[in-house]
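# Architecture at a glance
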Amino acid sequence: MQSLIIIILLLLPSLIFASESAYVFVIDENYNPVQGYKLLETQRDDIYISKIEPIKKWITTLRSQLIVVQDGYVYPVRDSIIVDKKKGIALLLIDFSQRKPLYFNPEEFLIDRDINVLIANKKVTYLKVKTLFPSEIKKEAKKGKISDYTALAEQYEKTGQWNMALSVYEDILKQKQESNIINKIGVLYYRLGNFKKAREYFQMLSKDEKTIARLVGICIIEKDFEEALKLINNSGLNSAYMHYLKGIIYYLIGNKDRAYIEVFMLIPLNNELAQNLRDLLR
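These remarks concern the structure in this document. For every chain, the first residue of the written sequence is number 1, and numbering continues from 1 onward in sequence order. Per-residue local features are limited, in this predicted model, to residues with pLDDT of at least 70; the limit for side-chain atom pairs, both in listing and counting, is 80 or more; totals at the level of whole chains, interfaces and linings are taken over all residues. Excluded from the side-chain calculations are hydrogens and water; all other atoms, namely the structure's heavy atoms, are used.

### Focus: the nonpolar core
- Side-chain atoms within 4.5 Å are what join buried Ala, Val, Leu, Ile, Met, Phe, Trp, Tyr and Cys residues into a set we call a nonpolar core. Each residue is placed in one exposure class: buried if its accessible area under a 1.4 Å probe, protein chains only, is under 20% of its type's maximum, exposed if it is over 50%, and partly exposed if it falls in between. If you look at the biggest cluster of nonpolar residues, it comprises 52 residues, and the most contacted ones within it are Y169, I185, F202, V216, I249 and L277.
- Counting 17 residues, the second largest nonpolar core, distinct from the first, contains I52, Y75, A90 and L92.

Following this line, the structure appears as structure tokens:
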């Protein structure tokens, strides 16, 4: 079962509560949520507009932490900036390097969804973000201040700002059709959970093992096991990983006999994968 969990983690970002809304939660020393507050996004993927209340709650709650929840992931808050104390507006900076899959259902906890004050002061706060972090605004790149679009996109990608990276890569693709850029766009859509768009871009690539594996992964996520098997069988690939994926698919549809056949075929190709599949089938 461990192998299946690993595969799903590789192929599928958490879909629990995978909405576009962002929330900040105060969590206790055992990582249990205490209370949540709705956030407003900014021009940067790693900065959110928040009311001051969660910061106050964090300060007054013993050994607590602040985390941001969005798109099925949890991000620890690494810093906070009070923008307007009188109006009760703050900025939260998250740490992309510590991102983890969402481990609880936010809807089961108390959430303050009132963001009227944030919306009313959105423009002013956006300007504050631009003043504090001018070099990171994508608009500056479009004005020509950052000439290397690819380097910019890669930087966004490395820091986990996937939406920003995606936007820049798509701009690059309009100027030059390159398979590596198509692949990067497909991977980013894949990570963001937009499997329909990811499939569109992966289908534009040559059907090597990596591309087939990703397309099969999407089918597994969508529980289209028949299409997943068809992709593998029509690929003409006879690699160990393809047999491993077939074994996983047969296991998921309850056909253990066929899955064990894949184990036997794997043994001379890759004994480690064969053992992993055998452990799963026990």
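### Notes on helix α6 (residues 149-158)
- A helix here means a DSSP run of H or I that spans at least four residues, while a strand means a run of E at least two residues long, and both kinds are numbered starting from the N terminus. For α6, the set of buried residues is Y149, L152, A153, Y156 and E157. The buried residues of α6 all sit within an arc of 140° when viewed along its axis, so they share a single face.
- The positive-phi residue at the C-terminal boundary of α6 is G160, with phi of around 80°. Here, the arc refers to the directions that run from the helix axis to the C-beta atoms.

### Considerations on the pairing of strand β6 (residues 73-84)
- Strand pairing is defined by DSSP finding a minimum of two bridges between the two strands. Summarising the sheet, strand β5 (residues 65-70) and β6 pair through four bridges and their orientation is antiparallel. The residue of β6 that forms the bridge with I67 is P76.
- Between β5 and β6, which pair antiparallel in sequence order, lie two residues; one of them, D71, sits at a positive phi of approximately 55°.
- Of the strand pairs in this sheet, β6 and strand β8 (residues 100-101) are connected by two bridges, and their pairing is antiparallel. Considered in β8, the bridge of V74 is made with K100.
- Note that β6 and strand β7 (residues 89-94) share six bridges and pair antiparallel. Bridged to I81 within β7 is L91.
- Connecting the antiparallel pair β6 and β7 is a turn made up of four residues, with G88 showing a positive phi of about 80°.

### Structural notes on empty space enclosed by the protein
- Using a 1 Å grid laid over the protein atoms alone, points where a 1.4 Å probe fits but cannot get out form a cavity; open sets with protein on both sides within 12 Å along at least 5 of 7 lines form a pocket; any residue with an atom within 4 Å of a point counts as lining. Grid points are joined across faces, edges and corners, and a volume is the space filled by probe spheres set on the points. Tallied over the full model, the rule gives one cavity of 30 Å³ or more.
- Taken as a whole, the largest cavity holds about 160 Å³ of empty space.
- Listed by contribution, the elements that provide at least two residues to the lining of the largest cavity are β6 and α7 (162-175).
- Here the term charged refers only to Asp, Glu, Lys and Arg, the term nonpolar to Ala, Val, Leu, Ile, Met, Phe, Trp, Tyr, Cys and Pro, and the term polar to all other amino acids, Gly among them. Counted by class, the lining of the largest cavity contains six nonpolar, four polar and five charged residues.

### Quick word on the packing of helix α8 (residues 179-191) against helix α9 (residues 195-202)
- Working convention: axes come from line fits to C-alpha atoms, limited for helices to the stretch in contact. Angles between N-to-C directions cover 0 to 180 degrees. Contact pair α8 / α9: the axes reach a minimum separation of 8 Å and the direction vectors enclose 160°. If you check the angle between α8 and α9, you find them roughly antiparallel. Viewed along their axes, α8 and α9 form a crossing whose handedness is left-handed. The segment α8 lies against α9, with I182, N183, I185, G186, V187, Y189 and Y190 engaging F195, K197, A198, Y201 and F202.
- Looking at side-chain class alone, the contact of α8 with α9 contains nine nonpolar, two polar and one charged residues. Here the angle decides the label: under 35 degrees means roughly parallel, over 145 means roughly antiparallel, 65 to 115 means roughly perpendicular, and every other value means oblique. The sense of a crossing depends on the near helix, which, turned anticlockwise from the far helix by less than a right angle, makes the crossing left-handed and, turned clockwise, makes it right-handed. The criterion used for residue contact is that any of the two residues' heavy atoms lie within 4.5 Å.

### Description of the packing of aromatic side chains
- Any two rings among Phe, Tyr and Trp, with Trp reduced to its six-membered ring, count as a pair given centres within 6.5 Å; such a pair is stacked if its planes are under 30 degrees apart, edge-to-face if over 60, and tilted if neither. Tallied over the full model, the rule gives eight aromatic pairs.
- Geometrically, the ring pair formed by F25 and F104 is edge-to-face, given 5.2 Å between the ring centres and 75° between the ring planes. Of this pair, F25 sits in strand β1 (residues 23-27) while F104 sits in the loop between β8 and β9 (111-112); the two residues are 79 residues apart in sequence, bridging distant segments of the chain. You'll find F25 and F104 in the same group, each marked buried.
- Ring geometry for F104 and F109: centres 5.7 Å apart, planes at 90°, overall edge-to-face.
- Assessed through its relative accessible area of 8%, F104 is described here as buried.
- Pairwise contacts between aromatic rings join F25, Y103, F104 and F109 into one cluster.
- For R99, the ring lying beneath its charged end belongs to Y73, and the centroid distance is 3.8 Å. Any Lys NZ or Arg CZ that is within 6 Å of a ring centre and within 35 degrees of that ring's normal is treated as a charge sitting over the ring.

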